[in-house]
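Residues per chain, in single letters:
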Amino acid sequence: MVVEKGESFILYGSFFDGLFIASDGLYLEKNDSLKDRLVHARSFSRIQFKRLMFGWKKAGGFVLALLSGAKEYTDRKLTEDFRTAGLSHILALSGMHLSFFAGLAGGTGKRLFGKKSSLLLRFLGIVFFVWFAGLSPSLFRALLCSLMMLLCTAVFSLDADYFIVLCSVFLLHCTMIPKDIFSAAFILSYGALAGILLFSDFFSLGLCPFIPNKISKSLSASLGAQFATALASVHMFGCLMPCGIVSTVVVSPMVSLFIFLSLVSIFLCLILPFLAPLFGCIMNLFYEIIAATVHVFAFVPPLSFK
């Protein structure tokens, strides 16, 4: 039985060999308030999404991790390879995922309804993704940054400095959820983004004469993030993973394309269910390509300071 956070059950059963075996269960209905309806709708939609992804096997588990934050169905070997290759931030719901959905919603709204509707649909896309995926320190940071940028654009017509926005969001986040301050996700999320904003241009100057502009920008962003979080990583994990500088540049676009294709496939499968096995094969093929690429980067040993 799959149970989502927010729902309440009474389970009857017994313990056997350290495991609880449920023989029967009773679902506890909540009050018919708006909050309870939203919680139930989220739980129901996430369970249905997991059932849909079950047919896609390993690719489905990867999609669940990227779109809902449910990592319990992700292949353990792949999860370990992502960590070893310095790519854990891709599996952690963060600004990359939120920006993708905000951009997709805003771009679709602009094409269908005009420029005036794009900001509203961008806002709705952000709120829907956070509601569906659930809050984590890194995703909450991304949410506050996105909402503040939208506020500056839509209400005040300002081209806000993103670093100032990040500093403001940092103070707001510390005030609203002070317990997050001590989490690794909070420290690395803010540190990495600050490093990108402060140091990527500096690294880009050194890379531009030798590397094409698009690649140098991606590499300089990875260098900035790694540089800003190096001390925190050594303190918390006892190692650095410099391979992540290059692996992020290679794997991140592949994962973004995988997310886009998965959304298109899910949409088509909901309309034409008989296509589900075909799209499952396509997504599993793409999944294997990503897994093989990450596995290659995972061979690069980290710098240990233990």
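Note that this is a predicted model, so its numbers are computed, not measured.

> Can you explain the pattern of salt bridges? Please cite residues and give values.
Taken as a whole and assessed by the stated rule, the structure comprises two salt bridges. Here Asp 81 and Lys 77 are joined by a salt bridge, their closest N and O atoms 2.9 Å apart. Residue Asp 81 and its partner Lys 77 are both found in helix H3 (residues 76–84); the two are separated by four residues, about one turn of the helix. By relative accessible area, Asp 81 is classed as buried at 8%. Between Glu 80 and Arg 83 there is a salt bridge, with the nearest N and O atoms lying 2.7 Å from each other. Here Glu 80 pairs with Arg 83, and both are found in helix H3, just three residues apart, close to one helical turn.

> Report on the environment of Ala 192, specifying residues and quantitative values.
Summarising the element assignment, Ala 192 is placed in helix H9 (residues 184–207). In the structure, Ala 192 is positioned 33 residues away from Ala 225 in sequence and 4.1 Å away in space, judged by C-alpha atoms. Those residues in contact with Ala 192 that sit more than four places away from it in its chain are Ala 225 and Thr 229.

> An account of the nonpolar core is requested, with residue identities and associated values reported.
Residues Phe 62, Phe 82 and Phe 258 are the most contacted members of the largest nonpolar core, which totals 57 residues. Among residues more than four places away in sequence, those in contact with Phe 82 are Phe 62, Leu 87, Ser 88, Ile 90, Leu 91, Val 251, Ile 290 and Val 294.

> Describe the packing of helix H5 (residues 95–113) against helix H11 (residues 243–271), naming the residues involved and giving the relevant values.
Contact geometry for H5 and H11: axes closest at 12 Å, N-to-C directions at 50°. Classified by the interaxial angle, the pair formed by H5 and H11 is oblique. In the packing of H5 onto H11, the handedness of the crossing is right-handed. Between H5 and H11, the residues in contact are Met 96, His 97, Phe 100, Phe 101 and Leu 104 and Ser 252, Val 255, Ser 256, Ile 259, Phe 260 and Leu 263, respectively.

How each quantity is defined
Residues numbered from 1 in each chain as written. Predicted model: local features only at pLDDT ≥ 70, side-chain atom pairs only at ≥ 80, totals over all residues. Heavy atoms only, no water. Salt bridge = Lys/Arg side-chain N within 4 Å of Asp/Glu carboxyl O. Helix = DSSP H or I, 4+ residues; strand = E, 2+ residues; numbered from the N terminus. Buried < 20%, exposed > 50% of the residue type's maximum accessible area, 1.4 Å probe, protein only. Contact = heavy atoms within 4.5 Å. Core = buried A, V, L, I, M, F, W, Y, C linked by side-chain atoms within 4.5 Å. Axes fitted to C-alpha atoms, helices over the stretch in contact; angles between N-to-C directions. Parallel < 35°, antiparallel > 145°, perpendicular 65-115°, else oblique. Left-handed = near helix turned anticlockwise from the far one by under 90°.

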